[in-house]
Amino acid sequence: MFRFARTFDVVTLFHKPSVPASQRTLNLLKVAHATATETTTIDQASDNTAQALRERGEFELEVTEEPPTPDQLRSILDYAARADPKQSISDIVRGAKDAADALKKVKENGDNFVRPVTVDWNNGQAVVGDKESVILKMLQQLPEGENKNQ
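Rules of the game
- Residues numbered from 1 in each chain as written.
- Predicted model: local features only at pLDDT ≥ 70, side-chain atom pairs only at ≥ 80, totals over all residues.
- Heavy atoms only, no water.
- UniProt positions renumbered as here; feature names shortened; annotations may be inferred.
- Helix = DSSP H or I, 4+ residues; strand = E, 2+ residues; numbered from the N terminus.
- Buried < 20%, exposed > 50% of the residue type's maximum accessible area, 1.4 Å probe, protein only.
- Areas by Shrake-Rupley, 256 points an atom, 1.4 Å probe, with all protein chains shown as cover.
- Phe/Tyr/Trp six-rings, centres within 6.5 Å; stacked < 30°, edge-to-face > 60°.
- Contact = heavy atoms within 4.5 Å.
- Polar contact = N/O pair within 3.5 Å; in protein donor to acceptor, adjacent residues only side chain to side chain.
- Axes fitted to C-alpha atoms, helices over the stretch in contact; angles between N-to-C directions.
- Parallel < 35°, antiparallel > 145°, perpendicular 65-115°, else oblique.
- Left-handed = near helix turned anticlockwise from the far one by under 90°.
- Nonpolar A, V, L, I, M, F, W, Y, C, P; charged D, E, K, R; others polar.
- Pairing = 2+ DSSP bridges.

- An unreviewed UniProt entry lists the protein under the name Thioredoxin-like protein, with Byssochlamys spectabilis as the source organism.
- Looking at the Sequence similarities (unreviewed entry) heading of the UniProt record, one finds this comment for the protein: "Belongs to the FMP46 family."
- You can read under Function (unreviewed entry) in the UniProt record for the protein the words "Putative mitochondrial redox protein which could be involved in the reduction of small toxic molecules."

Written out as structure tokens, the structure is:
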């Protein structure tokens, strides 16, 4: 029987290895990704604790040290503002006053973009920093239209 290849949600970490918070976020995402992709073996068939905690299912983890593209940055600013209206644009792009200024500053110098930033593109969410509980909550959410009991 022919089946279409299944696509996974893409989660991107904008990473800077020299930043301890970015390293912690990378480690957290690696563990979450491994947990999401593991399957039950015969020995574990009666204990499906890991699968019960894994509500979302598999996702594709992308790690980049590059700054976001202008379109990606616009999305990140939008996602972050929806998640936390109190969050300032300058928390994401150093010294930026508004979205246009943020785009200009990142174009001038990619290091103006503060890392780590974790982005769930499919579900329109972004987490700035290494907020473990917020990142885990984002990763455990089901994609829209999916039933938890499937």
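Description of the overall build of the protein
- For the protein, the count of helices and strands is five helices and four strands.
- Put simply, the protein runs from its N terminus to its C terminus through helices and strands in the order β-α-α-β-α-α-β-β-α.
- Within the protein, the fraction of its 150 residues that count as buried is 35%.
- For the protein, the exposed surface amounts to about 9,500 Å²; the carbon and sulfur share of it is 50%.

Details of the packing of aromatic side chains
- Enumeration according to the criterion identifies three aromatic pairs in this entry.
- Aromatic pair Phe 14 and Trp 121: ring centres 6.4 Å apart, planes at 80 degrees, arrangement edge-to-face. Taken together, the residues Phe 14 in strand β1 (residues 9–14) and Trp 121 in the loop between β3 (117–120) and β4 (125–128) connect sequence positions 107 residues apart.
- Judged by its relative accessible area of 21%, Trp 121 falls in the partly exposed class.

Some remarks on the environment of Val 127
- Relative to the elements of secondary structure, Val 127 occurs in strand β4.
- Setting aside residues no more than four positions away along its own chain, Val 127 makes contact with Pro 116, Val 117, Thr 118, Val 134, Ile 135 and Met 138.

Considerations on helix α4 (residues 99–108)
- Along α4, the positions that sit buried rather than exposed are Asp 101, Ala 102, Leu 103 and Val 106.
- Where α4 is buried, its residues touch α3 (70–83).
- The backbone nitrogen of Ala 100 lies 3.3 Å from a side-chain oxygen of the residue at the head of α4, namely Asp 98.

Details of the side chain of Thr 118
- Assignment of secondary structure puts Thr 118 in strand β3.
- Dropping the residues within four chain positions of it, Thr 118 is found in contact with Val 11, Thr 12, Leu 13, Thr 25, Leu 29, Gln 125, Ala 126, Val 127, Ile 135 and Met 138.

Looking at the packing of α3 against α4
- One can describe the packing of α3 onto α4 by two numbers: an axis separation of 10 Å at closest approach and a directional angle of 140 degrees. When the axes of α3 and α4 are compared, the pair comes out oblique. Classified by chirality, the crossing of α4 by α3 is right-handed. Residue-level contacts link Pro 70, Leu 73, Arg 74 and Leu 77 of α3 to Ala 99, Ala 102, Leu 103 and Val 106 of α4.
- Split by residue class, the contact of α3 with α4 holds seven nonpolar, no polar and one charged.

A few points about the sheet that holds β4
- The strand order across the open sheet formed by four strands is β2-β1-β3-β4, and the pairing between neighbours is mixed. Each edge of the sheet is formed by a strand with only one pairing partner; in this case those strands are β2 (59–64) and β4. Pairwise comparison of adjacent strand axes, ignoring direction, gives a mean angle of 15 degrees for this sheet.
- Summarising the sheet, β1 and β2 pair through six bridges and their orientation is parallel. The residue bridging Leu 13 from the neighbouring strand is Val 63, located in β2.
- The strands touched by helix α1 (residues 20–37) within the sheet are β1, β2 and β3, with β2 carrying the most contacts at an inclination of about 160 degrees.
- Against the sheet, α3 contacts β1, β3 and β4, and its axis sits at roughly 80 degrees relative to β4.

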